[in-house]
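Below, each chain spelled out in residue letters.
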Amino acid sequence: MNLQFKLVLTNLKKSKLTTFLNLAGLVSAFTAFTLIMLYVWHEYQYDNYNEHVSEIYRVEVKLPRQEKTSVYLMGPTGNTITNEFPEIEVSTIYMPWGTWEEGFFQWERDSGKADGFENYAYGDENLCRIFSFSFVEGNELEALSQTGTVIISEHFATKAWGKTNVLGKTLKHDDEYYRVTGVFEDLPQNSVVQAPVILRLRENHYHIQRAETWSIVNYPTFIRVKDGTDARMLQKKINDQSASIEKYNKFLNEGESVQLVLRPLSDMHFTTEVAETPLFSSNSKNFVDALFLVGILIVIVALINYVNLTTASIPQRIKSISIFRILGGNRLSIGKSHVLEALLLFGFSFILAVLFAFFLIKDYSFMLLGFELPIMQNPWLFVFFGFSVFVFAVLAGVFQSWQITTQNPVISLKRFNGRQKGTMRAILTVTQFAATIALIIASVGVIKQVKFMQDSKLGYNKENTLVIQMNNDLRDKYLHLRERLLESPSIREVGFSRAVPGQAKEMNSFVVNGQKCQVWYWAVGADYIPMMDFKLKEGRFFREGEGDLNNIISNETAAKQYGWALGTQVNNGVLVGILKDFNFVSLRENVEPFVFGILTIRGTLEM
């Protein structure tokens, strides 16, 4: 082994440029591969930490003439189907409202009052019976059993009070007080449950009051079924037999019917069939699959490049190898030396790549992805990477040894005929070019997609626009806030809205000529639509005052789909304007019927 190690060092010293190029190529490839695979693994493992992941489903509603399902259900839906069908163990309502808009919270510290904005959600007493939490303080089955309670993450507890033993502390939100009854370990980033603050629905709060009626569609609902349940059969039974279907159909036209859909928790992250995918963190499976293939291609190119470079250096090594064989060295010893050389280069490159990946993740992951890739939470993934690198190194070393030792050592010492191996090198070179071309094509595709997203006309002007999230105090003093903002020479216009483009936040039902129409809906101020430069096709914008209180402005799709025209009676108002279609959600989504309503101001902003 000592002789082989000396031979390896001799070969590396003789081929300094080749050694440097191999190290540079392998380190770069392994770093990119590590980062890509960590991201791909993160995406594919969404919600797998849940103990009952294979038995958890989100209930969705499919409305007639709507291409996609909606996660907004009527409050009693979950309890109704749970009582009707023994296959369902339990249901829960989980409303991640902080995904749309962070909530304003206040709390008491030893040093005085503190406050801040935080991602939050509403849940009910069954939340912890469906999703897995690891509590460091409190009991998971009792933490949300009473109204007026809240469970928080370790991170938020430390942020708010500097410690995690905070049971009994109080949080204030929307003029309501909540008592901390549980502190749970921070959830993985690839989890449908992301809120660090989860409030129990209160009996005296409008959320729970509406949740008990069959009139408001506002409640994302999850169920856990018994092990071995056939979800397709259960879904069919629900739609054929459940009393909840009749409740939904009351809001539809005669002859129309809704369908309830059971979406497996493991499929939620990659689904393209749901309108409000941003509400529960979604991604394109095609994109993740393509990224996985790019990672594989990068490694293939690096491995072929290594083989080609080492093959090119054979004439420099053939003399020492041939003398070694003439003096009694066998092919096995030479093979071991080449495998040892490959293991040293690959191993060192892998260690450097992991270090580079670690520092890149720490410095740039959150900035680029919005979260930090869990590099330390996947030790077995690195074991797999390391084993793969070991296998690649052995194969590369064996191949290099085979190329050198298949000739007679005396003949090799006199003349190395590179053409004898030309066929194999040609195959490798062609493969390398093919893989490189595939990477270039993939890169061009990604660049074009990014450029498309940057340059696409969305139907409104998003440039030079700042969104300010308002709490109750700002709403109460909105007119004063607006006046002060307009005093600044840097601010040209001020408007307000219940949502911002990119969110499919609310759905409403309108009755027009006896026909029930389901549309996406935002309430806005009179100056919001012209400020955002939405393009008017027909009619006019809203006017200040109460004259347009019940009137609406729709997009082209709503007018075409439901046959609306200017002046059409809609509920207690009329259609006063029709806007050109705009993308109020992702560019991947088709434009659906959309309506603007108006918010009024009587000294304060009335939401």
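Worth saying up front: this structure is predicted, and the values here are computed from it rather than measured. (Residues numbered from 1 in each chain as written. Predicted model: local features only at pLDDT ≥ 70, side-chain atom pairs only at ≥ 80, totals over all residues. Heavy atoms only, no water.)

This paragraph deals with the environment of valine 446. Positionally, valine 446 belongs in helix H14 (residues 422-455). Sequence separation of valine 446 and phenylalanine 287 is 159 residues, and the distance between their C-alpha atoms is 9.4 Å. (Helix = DSSP H or I, 4+ residues; strand = E, 2+ residues; numbered from the N terminus.)

Take the pattern of salt bridges next. Following the criterion strictly, the structure yields 15 salt bridges and no others. The salt bridge involving arginine 200 is made with glutamate 125; its shortest N-O contact spans 3.2 Å. Separated by 75 residues along the polypeptide, arginine 200 in strand E10 (residues 197-200) and glutamate 125 in the loop between strand E5 (120-123) and helix H4 (127-130) bring together distant segments of the chain. Owing to a relative accessible area of 10%, arginine 200 belongs among the buried residues under this scheme. Across the salt bridge formed by aspartate 289 and lysine 285, the nearest N and O atoms sit 3.1 Å from each other. Here aspartate 289 and its partner lysine 285 are both found in helix H9 (residues 285-312), 4 residues apart, which amounts to about one turn of the helix. In this structure lysine 285 comes out as partly exposed when scored by relative accessible area, which is 38%. Linked by salt bridges that have partners in common, Arg58, Glu60, Arg263 and Glu273 make up one network. (Salt bridge = Lys/Arg side-chain N within 4 Å of Asp/Glu carboxyl O. Buried < 20%, exposed > 50% of the residue type's maximum accessible area, 1.4 Å probe, protein only.)

Here we take up the packing of aromatic side chains. Applying the stated rule across the entire model yields 37 aromatic pairs. Ring centres of tyrosine 72 and tryptophan 97 lie 6.2 Å apart, and the angle between their planes is 75°; on these two criteria the pair is classed as edge-to-face. In this pair, tyrosine 72 is assigned in the loop between strand E1 (56-62) and helix H3 (77-84) and tryptophan 97 in the loop between strand E2 (88-95) and strand E3 (103-109), connecting sequence segments 25 residues apart. On the basis of relative accessibility, which here comes to 3%, the residue tyrosine 72 falls in the buried class. With 6.4 Å between their ring centres and 85° between their planes, tyrosine 460 and phenylalanine 582 make a pair best called edge-to-face. Placement of tyrosine 460 in the loop between H14 and helix H15 (472-476) and of phenylalanine 582 in the loop between strand E18 (573-579) and strand E19 (594-598) is noted, with a sequence separation of 122 residues between them. Tyrosine 460 sits in the buried class, given a relative accessible area of 14%. Judged by relative accessible area, which is 1%, phenylalanine 582 ranks as buried. One aromatic cluster is present, formed by Tyr460, Trp522, Tyr528, Phe534, Phe582, Phe594 and Phe596 through successive ring pairs. (Phe/Tyr/Trp six-rings, centres within 6.5 Å; stacked < 30°, edge-to-face > 60°.)

To continue, consider the confidence of the model for the protein chain. Scored by pLDDT, the protein chain comes out at a mean of 83, with 85% of its residues at no less than 70. Low confidence marks residues 409-413, where pLDDT is under 50. Its contacts with residues over four positions away, or in another chain, come to 11 contacts. Long-range and interchain partners of residues 415-420, a stretch whose pLDDT sits below 50, account for 5 contacts in this model, where long-range means more than four residues apart. (pLDDT = per-residue confidence, 0-100. Contact = heavy atoms within 4.5 Å.)

Among the nonpolar cores identified, the biggest contains 97 residues, and Phe131, Phe133, Ile152, Ile198 and Phe596 are the most heavily contacted of them. Ranked by residues supplied to this core, first place goes to E2 with 5 residues. Among all residues touching isoleucine 152, those that are not within four sequence positions of it are Ala157, Trp161, Val166, Leu171, Val180, Gly182, Val183, Phe184, Pro196 and Val197. In this structure, Ile361, Phe371, Phe385 and Ala396 belong to the second largest nonpolar core, which totals 38 residues. (Core = buried A, V, L, I, M, F, W, Y, C linked by side-chain atoms within 4.5 Å.)

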